Amino acid sequence: MPNLPDFMKYKDRFSKGGFVEKISRIAKRAGVKLVYAALILYYTLESDKVSLKDKATIIGALGYLISPLDVVPDAIPIAGLSDDLAVLIYVLNRIWGDVSDDVKAKAKAKLAQWFDDDEIMSADDVFNSDPNDTPV
């Protein structure tokens, strides 16, 4: 795992509206794995099974995703979203045991807005993500 940026300082940048707008705008360019990871974290915020500490970590990660002030700007092809993916995967690994099947299903259903069935099937392999596989 690469050195992660201090994504917790981005907690104040998270908003539901900002998340929905950003994920809608970058979905195809970001790739199914990044979007799936982001959606799982987003929907996990609604769960009462997740601790407040983990919710704060999720909010920091999602705030980092939607912030225009990333360590590597999103406008840079391929590399621009790799830091976002690394942060999301790190947090997802930490909370995966608390992610319900309902949250996973809800995230997959939302993916259908931007991706075809073959792409959605590859979302299951989110932990084996190579950020350089991200489409441009």
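Given the structure is predicted, the values throughout are model-derived calculations rather than measurements. (Residues numbered from 1 in each chain as written. Predicted model: local features only at pLDDT ≥ 70, side-chain atom pairs only at ≥ 80, totals over all residues. Heavy atoms only, no water.)

A. Geometry of the environment of lysine 110. Summarising the element assignment, lysine 110 is placed in helix α5 (residues 101-111). Not counting residues within four places of it along the chain, the set of residues in contact with lysine 110 comprises Leu39 and Tyr43. (Helix = DSSP H or I, 4+ residues; strand = E, 2+ residues; numbered from the N terminus. Contact = heavy atoms within 4.5 Å.)

B. Up close: the nonpolar core. Phe19, Leu34, Val35, Leu62, Leu65, Leu88 and Leu111 are the most contacted members of the largest nonpolar core, which totals 44 residues. Going through the elements one at a time, α1 (16-30), α2 (32-44), α3 (52-66), α4 (79-95) and α5 are the ones with two or more residues in this core. Among the elements that line this core, the one with the most residues is α2, at 11 residues. If near-sequence neighbours (up to four positions away) are discounted, leucine 88 is found in contact with Leu34, Ala37, Ala38, Leu41, Ala61, Leu62 and Leu65. (Core = buried A, V, L, I, M, F, W, Y, C linked by side-chain atoms within 4.5 Å. Buried < 20%, exposed > 50% of the residue type's maximum accessible area, 1.4 Å probe, protein only.)

C. Representation of α3. The end-to-end C-alpha distance of α3 is 21 Å, a good match for the 21 Å that 15 residues give at a rise of 1.5 Å each. The element α3 is largely enclosed, with a buried count of 11 among its 15 residues. All of the buried residues along α3 are Asp54, Lys55, Thr57, Ile58, Gly60, Ala61, Leu62, Gly63, Tyr64, Leu65 and Ile66. (Expected span 1.5 Å × (residues − 1).)

D. The arrangement of the side chain of threonine 57 in detail. Relative to the elements of secondary structure, threonine 57 occurs in helix α3. Setting aside chain neighbours within four positions, we find threonine 57 in contact with Phe7, Met8, Val91 and Arg94.

E. Broad picture of the confidence of the model for the protein. Across the protein, the average pLDDT comes to 82, with 80% of residues at 70 or higher. Put simply, α4 is where the protein has its lowest mean pLDDT, 85, and α2 is where it has its highest, 94. The model gives residues 74-78 a pLDDT under 50, and that stretch makes 11 contacts with residues more than four places away or in other chains. (pLDDT = per-residue confidence, 0-100.)

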